[in-house]
Amino acid sequence: MEPFNGKRGARLSPFILNLIEQVVGESTAGKLDRDARKVADLSRLFTKDRSKLTREYLNDPVHAAAYLRYFLPVNLAKIQVLLDELPQEWLGRQRDYQLHVLDVGSGPGSGALAVLDWLNQRHPDCVRHLAVVAVDSSADMLNQARRLWNGFCRESGFTRGSLTAFEGDLERPVKGGWYGQITQRAPYDLIILANCLNELFVDHVDPIGAKADLVSGLLPLLAQDGTVMIVEPALRETSRSLHHVRDRLLQEKHCTVYSPCLHEANCPALVHPDDWCHEERLWTAPAVVQAIDRQIGFIKDALKFSYLLLRKDGRTIVARSPQIFRVVSELRELKGEKRAWLCNETGRPEVGRLDRLASPKNAAVDNWHRGAIVQIERIVRKEREGKVSALGRIDQDAVVQVIRSV
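None of these values were measured; they are calculated from a predicted model.

Visitor: Would you mind going over the side chain of S241 with me for this structure?
Guide: Counting through the fold element by element, S241 comes out in helix α8 (residues 236-251). Discounting chain neighbours no more than four positions away, the residues touching S241 are I208 and K211.

Set out below in structure tokens:
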């Protein structure tokens, strides 16, 4: 079976990739091998040595160049696959086809550039105007965002967009500061927090509560049919933190989940300390990313991340039902059977189908993949010595469907 059901991976436009190379070349005289070493350093800070990661890591020009060259394309692609997942009416039913986007913790404009490139590739005629507001604590990064934005618009001929940038400390949303400035431009059709929450409130007495408060403070600025998009690294620590923030927001009834969750109950991945939920999406890595991977021994053949798409209107990615599940693991091919972990309002069950029970009715099991939404007519759990097995089984005559792929 081909990965991800044979779907074509995310692909960035040549415009944005060429512009990143131009900005890197203008800002530093470094070479690819030097940036590769810095990518390895940053990757270590992002994963194994997170305690040493400071919010000022991009103020170093050498680190910034490596980040732009390697991590920015990856983050742009993550945001774009989630833009594909949104209900497409957001492209202009309101405000006379003017789209308003807020990029919080923008860095070099990750959210802003992802939306701009996505619109230019997929929906060039859908909007009359795109207005983006970017907020970040680094003036240098906001300057990079302006350079990339202006360069993209110049090279692509996209003249219907505007970028407004505000410098501000996201941990201090004081009245009259950055929050007051972005409030004046509300409501927003889309609010993006990409790889931002995990770097905030690290030393706070209640980091989960502080992060939830930040998100809940942004929700009043969201259009009634808009979406808050939160993207975080796929690490266990950062993903579980996002799950906790999700639960806090839902408990306080500030919003509901459009995706990936198919319920508003507490996250079942938090029941066991070793569990967490993340995505893995196919993509076509740019040549420069592949070149850096070869130098440092990385393999960036998939986009891995955790995410939330939150809304205020109760809309969900699919109709909810006890028979509809999200696949939250790879499909494991064991001796004589296939298994995967699923998630919905009933919990986080492990479900399998014995190879000898494969049939045309349940053949869709063979196409399960992480992130797919599936419907199962019936799951059987055997009882042995008065105890019901935690492992669910799919019978030969049970109908299985993949109702939404990734």
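Visitor: Looking at this model, I keep getting lost on the packing of helix α2 (residues 32-46) against helix α3 (residues 61-85). Mind explaining?
Guide: For any two helices packed against each other, the geometry is given by the interaxial angle and the distance between the axes. At their nearest, the axes of α2 and α3 sit 8 Å apart, and the two run at 85 degrees to each other. Classed by the angle they form, the pair α2 and α3 counts as roughly perpendicular. Where α2 approaches α3, its residues L32, R34, D35, K38, V39, D41, L42, S43 and F46 are matched on the opposing element by V62, H63, A65, A66, Y67, R69, Y70 and F71.

Visitor: Looking at this structure, I do not really get the nonpolar core. What am I missing?
Guide: Nonpolar side chains tend to gather and get buried jointly when the protein is soluble and globular. The biggest cluster of nonpolar side chains holds 63 residues, and the ones touching the most others in it are L130 and M229. Those residues within four positions of L130 in sequence are excluded, and the remaining contacts are L99, V101, V115, L116, L119, W149, F158, R160, G161 and S162. Counting residues in hydrophobic clusters, the runner-up holds 35 residues, among them V104, L170, L308 and L310.

Visitor: Could you clarify how one ought to interpret empty space enclosed by the protein in this entry?
Guide: Summed over all chains, the structure comprises 2 cavities of 30 Å³ or more. Here the largest cavity defines a volume of roughly 220 Å³. The wall of the largest cavity is formed by 19 residues, among which H243, P260, C261, C267 and C277 lie closest to the centre. Residue assignment for the lining of the largest cavity shows that the elements contributing at least two residues are α8 and β8 (302-311).

Rules of the game
- Residues numbered from 1 in each chain as written.
- Predicted model: local features only at pLDDT ≥ 70, side-chain atom pairs only at ≥ 80, totals over all residues.
- Heavy atoms only, no water.
- Helix = DSSP H or I, 4+ residues; strand = E, 2+ residues; numbered from the N terminus.
- Contact = heavy atoms within 4.5 Å.
- Axes fitted to C-alpha atoms, helices over the stretch in contact; angles between N-to-C directions.
- Parallel < 35°, antiparallel > 145°, perpendicular 65-115°, else oblique.
- Core = buried A, V, L, I, M, F, W, Y, C linked by side-chain atoms within 4.5 Å.
- Buried < 20%, exposed > 50% of the residue type's maximum accessible area, 1.4 Å probe, protein only.
- 1 Å grid on protein atoms, 1.4 Å probe; cavity = no way out; pocket = protein on both sides within 12 Å on 5 of 7 lines; lining within 4 Å.
- Points joined across faces, edges and corners; volume = space filled by probe spheres on them.

None of the figures reported here should be taken as evidence of function without further support.
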